Amino acid sequence: MWAVPEAAWRLAADAALRAATVFFSVLVGLYIASRLLWRIERLAAPISKRTGVPASLVALAAVEARTPHVILAEAYKRGDLGFSHLVQFTFATWPIRVVLLHLRIGVIPVALGALGLLGAAYLALVYLSSVLGLAIALKMRNTWPDMAAEIRHVSSASPFKRAATVAGSYLLFEAVFIVLGQLGLRVSLSWLPLSPEAIAVASISAFRPSYGIMAAAPLYHGGRVAPLELLLALMLGRVVYMSVYEFPRSAVQFYASIYPPAVAGKLTAYTATVMYSTALPAIAVLFILATHTS
């Protein structure tokens, strides 16, 4: 009898666990939206006033990332919102989402603790894209309907069914990316005009940015790699990671589990455009500076 390898079972179990986490997070988010949102809505008032995005959605985005998009998707499907509303919300809440994510997975404490001021400079470069996204959102002028009523409507109408739909779509993408991962996609950075130590940092960052920061710390404090070259390596690795892993897996998977494919694709493309428009110039400047100071 044909036996499924243990590694495959482990990957499937991990995917199922993540899908269950998505289900419960959306369910909890919908509950918070229907019961507790008014308590935290005031905290989002300053951002709402500047961007025009309803405070209820901004506050909810700080609690659970998927739930406000579930609410927006329902309003978009009925024609109450346009695509520009989705872009404005995504960009307006970008800084909140990325900072909370980096606090949760430890990127901020690792960068600051391991690299000090150099870590702060790295984080500043990373957050340029979210700042640009916020600036774009501030320039957008959309008229929003009463989203408090929309939140009550979506939260009260079969929250279990909505959470299951999102989790099911998420699990489908998990299966696709598990198959792709088994194909062994790898990116070599040995061609970069950097020192072997910097190439090692860039390669590790391309697999997991937080690991790259950890690998960079002893090289930086030991004086084996110059600060500018190390920043360049970290940024190059991060761009490769975003291109190969983050956007295809997390961004596409996130939006496609909620929105129609065309909408999910456009939201991912808009986000990627903003990210590259800040990351690539930053890498070019770092390369010029590192070359001239070496």
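See the structure printed just above.
Because the structure is a prediction, the values reported are computed rather than measured. (Residues numbered from 1 in each chain as written. Predicted model: local features only at pLDDT ≥ 70, side-chain atom pairs only at ≥ 80, totals over all residues. Heavy atoms only, no water.)

J.: Before we move on, can you summarise the overall build of the protein chain with the specific residues and values?
T.: Within the protein chain, the secondary structure is distributed over 16 helices and zero strands. Out of the 294 residues belonging to the protein chain, those deemed buried represent 46%. Taking the intrachain contacts of the protein chain between residues at least 6 apart in sequence as the baseline, contacts between residues at least 24 apart amount to 77%. (Helix = DSSP H or I, 4+ residues; strand = E, 2+ residues; numbered from the N terminus. Buried < 20%, exposed > 50% of the residue type's maximum accessible area, 1.4 Å probe, protein only. Contact = heavy atoms within 4.5 Å.)

J.: I'd love a proper account of the pattern of salt bridges, names of residues and values included.
T.: Going through the model one piece at a time under the given rule, you end up with three salt bridges. The salt bridge partner of Arg224 is Glu197, with a shortest N-O separation of 3.7 Å. Of this pair, Arg224 sits in the loop between helix H14 (209–221) and helix H15 (227–256) while Glu197 is found in helix H13 (residues 196–207), placing the two residues 27 residues apart along the sequence. You can call Glu197 partly exposed: its relative accessible area is 23%. (Salt bridge = Lys/Arg side-chain N within 4 Å of Asp/Glu carboxyl O.)

J.: Tell me what's going on with the packing of aromatic side chains, and back it up with residues and numbers.
T.: In this structure the tally under the stated criterion is five aromatic pairs. Aromatic side chains Phe83 and Tyr270 sit 5.4 Å apart centroid to centroid with 85° between the ring planes, which places their arrangement in the edge-to-face category. Note that Phe83 is positioned in helix H6 (residues 83–92) and Tyr270 in helix H16 (residues 261–293), a separation of 187 residues in sequence. For Phe83, a relative accessible area of 15% gives the class buried. Here the aromatic rings of Phe91 and Trp94 are separated by 5.7 Å at their centres, their planes lie at 35°, and the arrangement is tilted. Judged by its relative accessible area of 3%, Phe91 is buried. Following the ring pairs from residue to residue traces out a cluster consisting of Phe254, Tyr255 and Tyr259. The aromatic ring of Phe207 is capped on one face by Arg208, whose charged end is 5.7 Å from the ring centroid. Cation over ring: Arg208 sits above Tyr211, and NZ or CZ is 5.2 Å from the ring centre. (Phe/Tyr/Trp six-rings, centres within 6.5 Å; stacked < 30°, edge-to-face > 60°. Lys NZ or Arg CZ within 6 Å of the ring centre and 35° of its normal.)

J.: How would you explain helix H5 (residues 66–77) if you had to name every residue and give the values?
T.: For H5, with 12 residues, the first-to-last C-alpha span of 16 Å sits near the 16 Å given by 1.5 Å per residue. Within H5, 10 of the 12 residues are buried, which leaves it mostly tucked inside the rest of the structure. Along H5, the residues classified as buried are Arg66, Thr67, Pro68, His69, Val70, Ile71, Leu72, Ala73, Glu74 and Ala75. Directly beyond the C-terminal end of H5, a positive phi value near 85° is found at Gly79. (Expected span 1.5 Å × (residues − 1).)

J.: Break down the environment of Trp94 for me, citing the residues and quoting the values.
T.: For Trp94, the position within the fold is in helix H7 (residues 94–105). With relative accessibility at 9%, the residue Trp94 sits in the buried group. Taking the C-alpha atoms as reference, Trp94 lies 9.4 Å from Ala61; in sequence the two are 33 residues apart. Leaving out residues up to four positions away in the same chain, Trp94 has contacts with Ser129, Ser130, Gly133, Thr271, Val274 and Met275.

J.: Describe the nonpolar core, with residues and values.
T.: Across soluble globular proteins, nonpolar side chains show a tendency to be buried alongside one another. Core analysis: the biggest nonpolar cluster contains 74 residues, and Leu57, Leu72, Tyr122, Trp144, Leu194, Tyr259 and Leu267 have the highest contact counts within it. Broken down by element, this core gets its largest block of residues, 16 residues, from H15. In contact with Tyr259, other than residues within four places in its own chain, are His69, Leu72, Ala73, Leu86, Ala264 and Leu267. (Core = buried A, V, L, I, M, F, W, Y, C linked by side-chain atoms within 4.5 Å.)

J.: Provide a residue-level description of the environment of Val63, including the pertinent values.
T.: Looking at the element boundaries, Val63 is found in helix H4 (residues 55–63). Residue classification places Val63 among the partly exposed positions, given a relative accessible area of 40%. For the pair Val63 and Leu100, spaced 37 residues apart in sequence, the C-alpha to C-alpha distance is 9.4 Å.

J.: Mind laying out a nonpolar patch on the surface, listing which residues take part and the relevant values?
T.: Nonpolar side chains collect at one region of the surface, where Ile204, Phe207, Tyr211 and Met214 lie side by side and expose about 380 Å² of accessible area between them. Broken down by secondary-structure element, the contributors of at least two residues to the nonpolar patch are H13 and H14. Structurally, Met214 can be placed in helix H14. (Patch = residues over 30% accessible without salt bridge, like charges linked within 9 Å, V, L, I, M, F, W, Y side chains within 5 Å. Areas by Shrake-Rupley, 256 points an atom, 1.4 Å probe, with all protein chains shown as cover.)

J.: Any details on the packing of H6 against H7? Residues and values, ideally.
T.: H7 packs onto H6 with a crossing angle of 45° between their chain directions and a minimal axis gap of 4 Å. Relative to H7, H6 is oriented oblique. Across the interface between the two elements, Thr90, Phe91 and Ala92 from H6 touch Trp94, Pro95 and Arg97 from H7. Residues belonging to the contact of H6 with H7 are distributed by class as follows: four nonpolar, one polar and one charged. (Axes fitted to C-alpha atoms, helices over the stretch in contact; angles between N-to-C directions. Parallel < 35°, antiparallel > 145°, perpendicular 65-115°, else oblique. Nonpolar A, V, L, I, M, F, W, Y, C, P; charged D, E, K, R; others polar.)

J.: Please set out the packing of H7 against helix H8 (residues 107–115) residue by residue, giving values where relevant.
T.: Their axes nearest at 5 Å, the elements H7 and H8 cross at an angle of 70°. As judged from the angle between their axes, H7 and H8 are roughly perpendicular. For the pair H7 and H8, contact is made by Val99, His102, Leu103 and Ile105 and by Val107, Ile108 and Pro109, respectively. Its residues assigned to classes, the contact of H7 with H8 comprises six nonpolar, one polar and no charged.

No statement about biological role is implied by the geometric values presented.
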